[in-house]
Amino acid sequence: MLRIEDQTAVTAIGKFSVRTETAITKLVIHRTLGTTGREMAKEFEDTRKFMGGWYTGGKTPYHFFVRADGTIDQCLPLLWVGPAALPKLNRCGIHIALGGNFSKESPTALQMSATIDLCVLLQNVFKDELEIRGHTEYPGASSDPEKACPGAHLDMENLRMVVTQKLAMLDAGILRWR
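Enquirer: Give a description of the overall build of the protein that names residues and reports values.
Expert: Secondary structure assignment for the protein yields six helices and eight strands. Secondary structure of the protein in N-to-C order comes out as β-α-β-β-α-α-β-β-β-α-β-α-β-α. For a compact globule of 178 residues, the expected C-alpha radius of gyration is about 16 Å, and the protein comes in at 15 Å, within 12% of that figure. Along the three orthogonal principal directions, the C-alpha set of the protein runs to about 50 × 35 × 30 Å. For the protein, with 178 residues in total, the buried portion stands at 46%. Residue pairs at least 24 apart in sequence account for 71% of intrachain contacts in the protein once pairs closer than 6 positions are excluded. For the protein, the exposed area adds up to about 9400 Å²; of that, 55% sits on carbon and sulfur atoms. Computed over 21 positive and 20 negative side-chain charges, the inter-centroid distance for the protein is 4 Å.

Written out as structure tokens, the structure is:
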């Protein structure tokens, strides 16, 4: 069962740009350190040079944080533009971060299941085929050309395939939301 906890009261601090629903065309998958959305947001408050907040102006960059146990923390309202990538990608993307370093390890099964279900839910909410890609699958999406986000151990092709299959099963009435 999809479990989303609203953490926006403690993670969405600062002034953010707002966009319309029609501006949202992408789901962007990231990896980040931390075990909860609140802990991740705290990391981005540090604005010292080369710390997380140095890149984001001290703001939480992600709309959702997926914990290892599959719990999803909503960290920003969907219509707020978070500073997770390049400005043009931020304006059209909902940014989903999974806790972990997927250059070294795989996400947990619960994380992947929750991420897939969240992508399916967002596809249904926006009644549109939102493009799903990893952060660095977008050319020039990071100022660091060596960065691999979300990392080789998070299989983006499989994620897209399973989301597409679940959407087709929902459309056919074979699958229902729990």
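From this point, the discussion proceeds with the structure in view.
Enquirer: Run through the packing of helix α5 (residues 109-126) against helix α6 (residues 156-171), naming residues and quoting values.
Expert: Contact geometry of α5 with α6 gives a least axis separation of 9 Å together with a crossing angle of 55°. Viewed along their axes, α5 and α6 adopt a mutual orientation that is oblique. The element α5 and its partner α6 pack so that their crossing is right-handed. Residue-level contacts link M112, T115, I116, D117, C119, V120, Q123 and N124 of α5 to L159, V162, V163, K166, L167 and L170 of α6. Classifying every residue of the contact of α5 with α6 gives nine nonpolar, three polar and two charged.

Enquirer: Please give an account of the sheet that holds strand β3 (residues 26-32) that cites residues and values.
Expert: Strand order in the open sheet made by the six strands is β1-β5-β4-β7-β3-β8, with mixed pairing throughout. The open sheet has two edge strands, β1 (4-6) and β8 (131-134), and neither has a second partner. The sheet shows a mean angle of 25° between the axes of neighbouring strands, direction not considered. Together, β1, β3, β4 (64-66), β5 (72-74), β7 (93-99) and β8 form the strand contacts of α5, whose direction differs from that of β7 by roughly 170°. Packing of α6 onto the sheet brings it into contact with β3 and β8, and relative to β8 it is tilted by some 160°.

Enquirer: Break down the side chain of T32 for me, with residues and values.
Expert: As for its position among the elements, T32 is in strand β3. Not counting residues up to four positions away in its chain, the partners in contact with T32 are M40, F44, Y62, F65, A97, L98, G99 and G100.

Enquirer: An account of α6 is requested, with residue identities and associated values reported.
Expert: Over its 16 residues, α6 runs 23 Å from end to end, which matches the ideal 22 Å to within 8%, given 1.5 Å per residue. Three or more residues of α6 are buried, namely M156, L159, R160, V162, V163, L167 and L170. Here the buried residues of α6 occupy an arc of 165° about the axis, which is enough to place them on one side. Each element contacted by the buried residues of α6 is listed here: β3, α5 and β8. Where α6 begins, one side-chain oxygen reaches toward the backbone nitrogen of E157, 3.1 Å away; that side chain belongs to D155.

Enquirer: An account of the pattern of salt bridges is requested, with residue identities and associated values reported.
Expert: Pairing between side chains becomes possible if they bear opposite charge and their charged atoms approach one another. Enumeration over the complete set of coordinates arrives at eight salt bridges. Of the charged contacts in the structure, one is a salt bridge between R133 and E131, with a shortest N-O distance of 3.8 Å. Residue E131 is classed as partly exposed on the basis of its relative accessible area of 31%. In this structure, a network of salt bridges that share partners links the residues R3, E5, R67 and D73.

Enquirer: Which residues make up the pairing of β7, and what are the values?
Expert: Among the seven residues that make up β7, seven are buried, leaving the element largely enclosed by the rest of the structure. What you see with β7 is no split at all: G93, H95, A97 and G99 on one side and I94, I96 and L98 on the other are buried throughout. Two elements, β3 and β7, share seven bridges in a ladder whose sense is parallel. Within β7, the position partnered with L27 by the bridge is I94.

The rules we used
- Residues numbered from 1 in each chain as written.
- Predicted model: local features only at pLDDT ≥ 70, side-chain atom pairs only at ≥ 80, totals over all residues.
- Heavy atoms only, no water.
- Helix = DSSP H or I, 4+ residues; strand = E, 2+ residues; numbered from the N terminus.
- Rg over C-alpha atoms; globule rule 2.2 N^0.38 Å.
- Buried < 20%, exposed > 50% of the residue type's maximum accessible area, 1.4 Å probe, protein only.
- Contact = heavy atoms within 4.5 Å.
- Areas by Shrake-Rupley, 256 points an atom, 1.4 Å probe, with all protein chains shown as cover.
- Lys, Arg positive; Asp, Glu negative; His and termini not counted.
- Charge placed at Lys NZ, Arg CZ, Asp CG, Glu CD.
- Axes fitted to C-alpha atoms, helices over the stretch in contact; angles between N-to-C directions.
- Parallel < 35°, antiparallel > 145°, perpendicular 65-115°, else oblique.
- Left-handed = near helix turned anticlockwise from the far one by under 90°.
- Nonpolar A, V, L, I, M, F, W, Y, C, P; charged D, E, K, R; others polar.
- Pairing = 2+ DSSP bridges.
- Expected span 1.5 Å × (residues − 1).
- Arc of directions from axis to C-beta.
- Polar contact = N/O pair within 3.5 Å; in protein donor to acceptor, adjacent residues only side chain to side chain.
- Salt bridge = Lys/Arg side-chain N within 4 Å of Asp/Glu carboxyl O.

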